[in-house]
Amino acid sequence: MSPARHAIDQNRRSGARTFAAAAAVLVVVVGAVGAVITLRGPHHPDVVTEANRFRPLAGWWQVEIEDRSGSGCLDAGCPSSFRRWQVDHPPTPEQLRTSFAAAGWPAPAVQGTCRAVDERSGSFPLCTASASSGDLRITVTVTEDDAYQVALTVETS
């Protein structure tokens with residue numbers, strides 16, 4: 001092979017490598033930008049603000065707050081907000097409906113009577129109220145164990 005031919009082949013190989021490297025970098029950059037846009041998109045409402053709209057009834061005392069915010073649903077899970085109260089007497093289904101309306105949420109579907117069941121032991125739900133509003137799922141669960149508990153969960157759907 002002549003020295004001139006060898007130089008031409010070297011230039012072609014070098015150009016092909018440069019093009020392949022540039023294409024690979026472009027694919028990685030476009031993928032990263034797409035992932036950031038997807039994860040940071042405005043499609044996740046502020047679940048903490050929504051959870052704070054719920055007003056507990058008189059005589060409820062808050063025992064737990066857990067807010068999980070994030071820019072997406074991959075690593076840390078979807079944004080969600082959890083509140084729990086201890087109460088002396090369980091609320092009625094109508095009181096739960098009134099609380100949803102006061103928060104500006106749609107009327108919930110209520111399953112169960114919210115009344116204690118005699119001769120049962122352990123922790124079990126007395127009733128659950130749930131509704132959807134836009135991209136949100138809102139659930140209030142009333143349970144009985146040693147005391148009555150009311151738990152609110154607001155999460156993205």
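No experiment lies behind these values; they were computed from the predicted model shown.

## Quick look at the overall build of the protein
Helix and strand counts for the protein come out as three helices and six strands. When the helices and strands of the protein are read in sequence order from the N terminus, they spell out α-α-β-β-α-β-β-β-β. By sequence separation, contacts in the protein at least 24 residues apart represent 48% of the contacts at least 6 residues apart.

## A closer look at the confidence of the model for the protein
Looking at the protein as a whole, the pLDDT averages 80, with 65% of positions reaching at least 70. This stretch, residues 33-43, has a pLDDT under 50; its non-local contacts, to residues over four places away or in other chains, come to seven contacts.

## Comments concerning the nonpolar core
By size, the foremost hydrophobic cluster in this structure holds 25 residues, and its most contacted members are Val 140 and Leu 152. Looking at this core, the elements with two or more residues in it are α2 (47-52), β2 (80-87), α3 (93-102), β4 (124-133), β5 (136-144) and β6 (148-156). With five residues, β4 is the largest single contributor of residues to this core. Excluding residues within four positions of it along the chain, Val 140 makes contact with Phe 54, Leu 96, Phe 100, Cys 127, Thr 128, Ala 129, Val 150, Ala 151 and Leu 152.

## Some remarks on the pattern of salt bridges
Pairing is possible between side chains of opposite charge, provided their charged atoms come close. Under the defined criterion, the tally for this structure stands at five salt bridges. The closest approach of N and O atoms between Glu 50 and Arg 53, which form a salt bridge, is 2.8 Å. On the accessibility criterion, Glu 50 (15% relative accessible area) is buried. A residue is classified by how much of its surface remains accessible, and Arg 53, at 33% relative accessible area, is partly exposed. Measuring nitrogen to oxygen at the nearest pair gives 2.9 Å for the salt bridge that ties Glu 64 to Arg 84. Remark: Arg 84 occurs in strand β2 and Glu 64 occurs in strand β1 (residues 61-68); sequence separation between them is 20 residues.

## Regarding the state of the cysteines
Going through the model one piece at a time under the given rule, you end up with one disulfide. The disulfide that involves Cys 114 links it to Cys 127, with 1.8 Å between the sulfurs. Torsion about the S-S bond of the Cys 114 and Cys 127 cystine: about 95 degrees, corresponding to right-handed handedness. One end of the pair, Cys 114, is in the loop between β3 (109-112) and β4; the other, Cys 127, is in strand β4, and 13 residues separate them in sequence. The pair formed by Cys 114 and Cys 127 is uniform in burial state, with each residue classed as buried.

## So, the pairing of β4
In the sheet, β3 pairs with β4 via four bridges, with the strands oriented antiparallel. Bridge pairing links Ala 109 to Ser 130 in β4. With nine bridges connecting them, β4 and β5 associate as antiparallel partners. In the strand pairing of β5, Thr 128 is matched with Thr 141. Here β4 folds back onto β5 in antiparallel fashion, the turn holding two residues, of which Gly 134 has a positive phi close to 65 degrees.

Reading the values: rules and limits
Residue numbers run consecutively from 1 along every chain, following the written order of its sequence. The model is predicted, so local features are restricted to residues of pLDDT at least 70 and side-chain atom pairs to those at 80 or more, both for listing and for counting; the totals for chains, interfaces and linings are taken over all residues. Excluding hydrogens and water, the side-chain values take into account all heavy atoms of the structure. For helices the rule is a DSSP run of H or I covering at least 4 residues; for strands it is a run of E covering at least 2, with both sets numbered from the N terminus onward. Note on contacts: a residue pair qualifies if any of its non-hydrogen atoms lie within 4.5 Å across the two residues. As a per-residue quantity, pLDDT reports the predictor's confidence and falls between 0 and 100. Definition of nonpolar core: a set of buried residues of the types Ala, Val, Leu, Ile, Met, Phe, Trp, Tyr and Cys, connected through side-chain atoms within 4.5 Å. Buried, partly exposed and exposed residues are distinguished by accessible area as a fraction of the type maximum, computed with a 1.4 Å probe on protein chains only: under 20%, between the cut-offs, and over 50%, respectively. By definition here, a salt bridge exists when the distance from a side-chain nitrogen of Lys or Arg to a carboxyl oxygen of Asp or Glu is within 4 Å. Put simply, a disulfide is two cysteine sulfurs that come within 2.5 Å. If DSSP finds at least two bridges between two strands, the strands pair.

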